[in-house]
Amino acid sequence: MKPTGFTIIELLIVVVILGVLASLAIPRLSSASVNAKYTATHAGFRSITAALDVYHTDHQAYPPNAPLGKLPPEMVGYLHDSAFTEPPPIGRAWDWNGTGSGINTFGINLSIHTTPRSDRDEMEKRYDDGDPKTGTYRNQGMYLIWPM
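Residues numbered from 1 in each chain as written. Predicted model: local features only at pLDDT ≥ 70, side-chain atom pairs only at ≥ 80, totals over all residues. Heavy atoms only, no water.

Account for the overall build of the chain, naming residues and giving values.
Along the backbone of the chain there are three helices and four strands. Ordered by position in the sequence, the α and β elements of the chain form the string α-α-β-β-α-β-β. Expressed as a percentage of its 148 residues, the buried residues of the chain come to 32%. Summarising the internal contacts of the chain: among those between residues at least 6 apart in sequence, 54% fall at separations of at least 24. (Helix = DSSP H or I, 4+ residues; strand = E, 2+ residues; numbered from the N terminus. Buried < 20%, exposed > 50% of the residue type's maximum accessible area, 1.4 Å probe, protein only. Contact = heavy atoms within 4.5 Å.)

Outline the packing of helix α1 (residues 8–59) against helix α3 (residues 117–127), listing residues and values.
Put simply, α1 and α3 touch, their axes get as near as 11 Å, and they point 75° apart. By the angle class used here, α1 and α3 are roughly perpendicular. Touching Val34, Asn35, Lys37, Tyr38, Thr39, Thr41, His42 and Phe45 of α1 are Asp119, Glu122, Met123, Arg126 and Tyr127, all from α3. Counted by class, the contact of α1 with α3 contains five nonpolar, four polar and four charged residues. (Axes fitted to C-alpha atoms, helices over the stretch in contact; angles between N-to-C directions. Parallel < 35°, antiparallel > 145°, perpendicular 65-115°, else oblique. Nonpolar A, V, L, I, M, F, W, Y, C, P; charged D, E, K, R; others polar.)

So what's going on with the environment of glutamate 124? Residues and values would help.
Along the polypeptide, glutamate 124 turns up in helix α3. For glutamate 124, a relative accessible area of 2% corresponds to the buried category. Sequence-wise, glutamate 124 and threonine 134 are 10 residues apart; in three dimensions their C-alpha atoms are separated by 9.8 Å. When near neighbours in sequence (up to four residues on either side) are disregarded, glutamate 124 contacts Asp129, Gly130, Asp131, Pro132, Thr134, Tyr137 and Asn139.

I'd like a description of the pattern of salt bridges, backed by residues and values.
Tallied over the entire structure, the rule returns three salt bridges. One salt bridge connects glutamate 122 with lysine 125, and the closest N-O pair in it is separated by 3.5 Å. You can see glutamate 122 and its partner lysine 125 sitting in helix α3, three residues apart, about one turn around the helix. In this structure lysine 125 comes out as exposed when scored by relative accessible area, which is 59%. Between glutamate 122 and arginine 126 there is a salt bridge; the shortest N-O distance is 2.6 Å. Here glutamate 122 and its partner arginine 126 are both found in helix α3, four residues apart, which amounts to about one turn of the helix. Exposure remark for arginine 126: the relative accessible area of 31% places this residue in the partly exposed category. Connected through shared salt-bridge partners, Glu122, Lys125 and Arg126 make up one network. (Salt bridge = Lys/Arg side-chain N within 4 Å of Asp/Glu carboxyl O.)

Please set out a nonpolar patch on the surface residue by residue, giving values where relevant.
Together, Ile8, Ile9, Leu12, Ile13, Val14, Val16, Ile17, Leu18, Val20, Leu21 and Leu24 give the surface a local cluster of nonpolar side chains, amounting to about 1100 Å² of exposed area. Mapped onto the elements of the fold, leucine 18 is located in helix α1. With a relative accessible area of 52%, leucine 18 lands in the exposed category. (Patch = residues over 30% accessible without salt bridge, like charges linked within 9 Å, V, L, I, M, F, W, Y side chains within 5 Å. Areas by Shrake-Rupley, 256 points an atom, 1.4 Å probe, with all protein chains shown as cover.)

How would you explain the side chain of threonine 49 if you had to name every residue and give the values?
Note that threonine 49 resides in helix α1. Judged by relative accessible area, which is 5%, threonine 49 ranks as buried. Looking at threonine 49, its side chain comes within polar contact range of the main-chain oxygen of phenylalanine 45, at 2.9 Å. (Polar contact = N/O pair within 3.5 Å; in protein donor to acceptor, adjacent residues only side chain to side chain.)

Describe the nonpolar core, listing the residues and the values that go with them.
In this structure, Phe45, Ile48, Met75, Leu79, Phe84 and Ile108 are the most contacted members of the largest nonpolar core, which totals 17 residues. Listing elements by their share of this core, those giving two or more residues are α1 and β1 (93–97). Top contributing element to this core by residue count: α1, with six residues. (Core = buried A, V, L, I, M, F, W, Y, C linked by side-chain atoms within 4.5 Å.)

Here it is in structure tokens:
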């Protein structure tokens, strides 16, 4: 009776084929995670600004300034707390610059003291006009701001 099973050569061929497929897939997966980081940050900006716009419609004003990474208490019911308190994919924390913030431009922003300028520039390039002084995203000091 002839023994059943795979020969060493057949197994090596399968391993080589799987290695080639993996070497093709890994760069695509790593670029997908980079894309996801920026897409998730942009989506966070959009959802927070939408909630702030609804608040503004209801109260004809934006809520006062809030501490870094803290949802303004007035926003309870407009935005889930974790949408604001969870650290964003880029930057250190979400921040709301309302009345009393000392920043000239009211808006939702990322405190990005620990994030390289390249991330701010990439957000500008992907989702805005490429000029950090105009458009949806503004780079001011150490912040990436979505003005209201």
